[in-house]
Amino acid sequence: MKNKVIALIAALTMAGSMVACGNAAASESANTDTAQANDAAPADTDTAAADNAAQAADSDVAYIKDKGTLIVGITDFAPMDYKDDNGEWIGFDADMAKKVAESLGVKAEFVEIDWDNKILELENKSIDAVWNGMTLTNEVKNAMECTNAYLNNAQVVVVTASDADNYKTVDDVAGLSFAVESGSAGETAAADNNFEYTSLTSQADAVMEVAAGTSDACIIDLLMAGAMVGEGTSYENLTYTVELTTEEYGIGCRKGSDLAAFINDELKAYYADGSMQSTAKTYGVQEAIIAQ
C-alpha cells in the first residue's frame, strides 16, 4: 500500500512539472513573438521615413523651399534680364522668375553665368534654373529638364544702319565678319552658315563689337535686337536685317527636376490671369508670347 501511495505522488509531481514546463514554453514563445513584433514596427517606420527623406532629397522644389532661395542663372540680356538704374535685375524673365519665387515662398537671386557653362552650373547646384531667353535646342533639351516654350524668337543679323540696304539675304552677309555669344544659338547659326565669327562672353559684347567697328555684324536674338538697336536705343546707328532662324525660348532646370513642372503650372496660371501678358507689354515682347 505504501508503495502505491509513493508511486501516485511521484506521478502527480511529474504531471505538474510537465504542465509548468508547457506554460513556461508558451510564455517564452509569446514573449518572443511580441519582441519580434516590437522590433519589426520601428523597422517599418524607419523605412517609411527613409523613403520620405529620399523623395524630399530628389525634389528640387523641396530643396529650394528649404534653403529659401531660387537661384537663377542669367546673362545681361535686355529685355529678358538686365539691371535698372538702382542695380536691380529686371526684365520679362527676371519679373517672371520673381513671381515663381514668391509662389515657392522664397526669394529670387540672380547670378550672372558664363553661358557656355550653364549645364555645369545646374549640375553643381550653383544655380537652380537657367532663365534667360534660352533657345530650346536639342542639346539643351537633352541636358536639362526644360519647361514648355513660352516665347517665340529668331536669330538676326545686326549691322550698321547705313549699310543695311546692302544686307537683305543670307548670301549678302556671307562674307562679313561676325561677333556672337559663345555657346549661344547665334553661334550655332554662324557655324551652320559657315560664317567667319568671333565668340564673346555675351550678346551685349557682340553688339558693342559692331558699334566699335571691330566686327562687320553680329548675330543676336530678335527680342534683344528689338530692345537694344535702332531708334530710341543706345545703338541708334545699328539695325537688324536678315533673320537666320526661328526658335522658341524655354527655362532649364536640372535633369529630372520637378521644378520644371512647377514653373509650367505657374506660367499657365499667369497666362490665364493675364499677368504674363501685362508683364510682356512692359518689356515690349507681348507679340512673342506663346499661349500656355
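Given the structure is predicted, the values throughout are model-derived calculations rather than measurements. (Residues numbered from 1 in each chain as written. Predicted model: local features only at pLDDT ≥ 70, side-chain atom pairs only at ≥ 80, totals over all residues. Heavy atoms only, no water.)

> What exactly am I supposed to notice about the overall build of the chain here?
Within the chain one finds 11 helices and 11 strands. The proportion of buried residues among the 292 residues of the chain is 43%. Total accessible area on the chain stands at roughly 15000 Å², and carbon and sulfur atoms take up 48% of it. (Helix = DSSP H or I, 4+ residues; strand = E, 2+ residues; numbered from the N terminus. Buried < 20%, exposed > 50% of the residue type's maximum accessible area, 1.4 Å probe, protein only. Areas by Shrake-Rupley, 256 points an atom, 1.4 Å probe, with all protein chains shown as cover.)

> Would you take a moment to explain the nonpolar core for this structure?
L70, F92, L104, W131, Y150, L151 and L259 are the most contacted members of the largest nonpolar core, which totals 54 residues. Of the residues forming this core, the biggest block, 7 residues, is contributed by helix α3 (residues 92-104). Those residues in contact with F92 that sit more than four places away from it in its chain are P79, M80, Y150, L151, M276, T279, A280, Y283 and V285. Counting residues in each nonpolar core, the second largest holds 15 residues, with A189, A190, A217 and L244 among its members. (Core = buried A, V, L, I, M, F, W, Y, C linked by side-chain atoms within 4.5 Å. Contact = heavy atoms within 4.5 Å.)

> Help me understand the pattern of salt bridges in this model?
A side chain of one charge can pair with a side chain of the opposite charge when the charged atoms of the two come close. On inspection of all chains with the given rule, the structure shows 5 salt bridges. Here D128 and R254 are joined by a salt bridge, their closest N and O atoms 2.9 Å apart. Highlighted residues: D128 in the loop between α4 (118-123) and β5 (129-135) and R254 in the loop between β11 (238-253) and α10 (259-273), separated in sequence by 126 residues. When its relative accessible area of 1% is taken as the criterion, D128 is described as buried. A network of salt bridges, in which partner residues are shared, links D60, K67, D128 and R254. (Salt bridge = Lys/Arg side-chain N within 4 Å of Asp/Glu carboxyl O.)

> What am I meant to see in unusual backbone geometry here?
Of all residues except glycine, most have a negative phi; of all peptide bonds, most are trans. At the junction of A78 and P79, the peptide bond is cis and its omega measures out at 5° in the coordinates. Inspection of the secondary structure assignment puts P79 in the loop between β1 (69-74) and β2 (82-83). The phi dihedral of K125 falls on the positive side, at around 65°, and the residue is not glycine. Position of K125 relative to the elements: it lies in the loop between α4 and β5. Overall, K125 belongs to the partly exposed group, its relative accessible area being 36%.

> Honestly, the confidence of the model for the chain in this entry has me stumped. Any pointers?
Chain-level statistics for the chain give a pLDDT mean of 86 and a share of 80% at 70 or above. With pLDDT under 50 throughout, residues 1-38 is counted as low confidence; its partners more than four residues away or in other chains account for 0 contacts. (pLDDT = per-residue confidence, 0-100.)

> So what exactly am I meant to see when it comes to the packing of aromatic side chains here?
In this structure the tally under the stated criterion is 4 aromatic pairs. Summarising the aromatic geometry, the rings of F92 and Y150 are spaced 6.3 Å apart at their centres and angled 25° between planes, so their arrangement reads as stacked. With F92 in helix α3 and Y150 in the loop between β6 (145-146) and β7 (151-160), the pair connects residues that are 58 residues apart, well separated along the chain. Residue F92 shares its accessibility class with Y150, and that shared class is buried. Taking the centre distance of 4.6 Å and the plane angle of 10° together, the rings of F178 and F195 count as stacked. Of this pair, F178 sits in strand β8 (residues 177-181) while F195 is found in the loop between α7 (185-192) and β9 (196-200), placing the two residues 17 residues apart along the sequence. Above the ring of Y270, the side-chain terminus of K99 is found at 4.5 Å from the ring centroid. Over the ring of Y63 we find K125; its NZ or CZ atom is 4.1 Å from the centre of that ring. (Phe/Tyr/Trp six-rings, centres within 6.5 Å; stacked < 30°, edge-to-face > 60°. Lys NZ or Arg CZ within 6 Å of the ring centre and 35° of its normal.)

> Just checking my understanding: could you explain the pairing of β9 for this structure?
The side chains of a regular strand alternate, residue by residue, between the two faces of the sheet. As paired elements, β8 and β9 share 5 bridges and run parallel to each other. Each residue of the ladder has a partner; that of A179, found in β9, is T198. Chirality of the crossover, the property in question, places the unit of β8, α7 and β9 among those that are right-handed. (Pairing = 2+ DSSP bridges. Right-handed = clockwise from strand over helix to strand, strands pointing away.)

> Help me out: how do you make sense of the packing of α10 against helix α11 (residues 275-282) in this one?
To characterise two packed helices, one gives the angle between the axes of the helices and the distance between these axes. Interaxial distance between α10 and α11 falls to 5 Å at its minimum, and their mutual angle equals 80°. In terms of axis orientation, α10 runs roughly perpendicular to α11. Counting all contacts with α10, which are made through L267, Y270, Y271 and D273, the residues of α11 involved are S275, M276 and Q277. Among the residues forming the contact of α10 with α11, the class breakdown is 4 nonpolar, 2 polar and 1 charged. (Axes fitted to C-alpha atoms, helices over the stretch in contact; angles between N-to-C directions. Parallel < 35°, antiparallel > 145°, perpendicular 65-115°, else oblique. Nonpolar A, V, L, I, M, F, W, Y, C, P; charged D, E, K, R; others polar.)

> Which parts of the structure should I look at to understand α7?
Residues spaced three or four apart along an α-helix face the same direction, because each turn holds 3.6 residues. Residues of α7 that are buried: A185, G186, E187, A189 and A190. In the core, the buried residues of α7 are packed alongside β5, β7, β8, β9, β10 (217-221) and β11. The opening residue of α7 is S184, an N-cap whose side-chain oxygen sits 3.2 Å from the backbone nitrogen of G186. (Polar contact = N/O pair within 3.5 Å; in protein donor to acceptor, adjacent residues only side chain to side chain.)

> Help me understand the environment of D76, please; the structure alone is not making it clear to me.
Relative to the assigned elements, D76 resides in the loop between β1 and β2. Judged by its relative accessible area of 38%, D76 is partly exposed. Taking C-alpha positions, D76 is 7.4 Å from E112, a pair spaced 36 residues apart along the chain. Once residues within four sequence positions are removed from consideration, D76 is found in contact with D81, Y82, W89, E112, A204 and M224.

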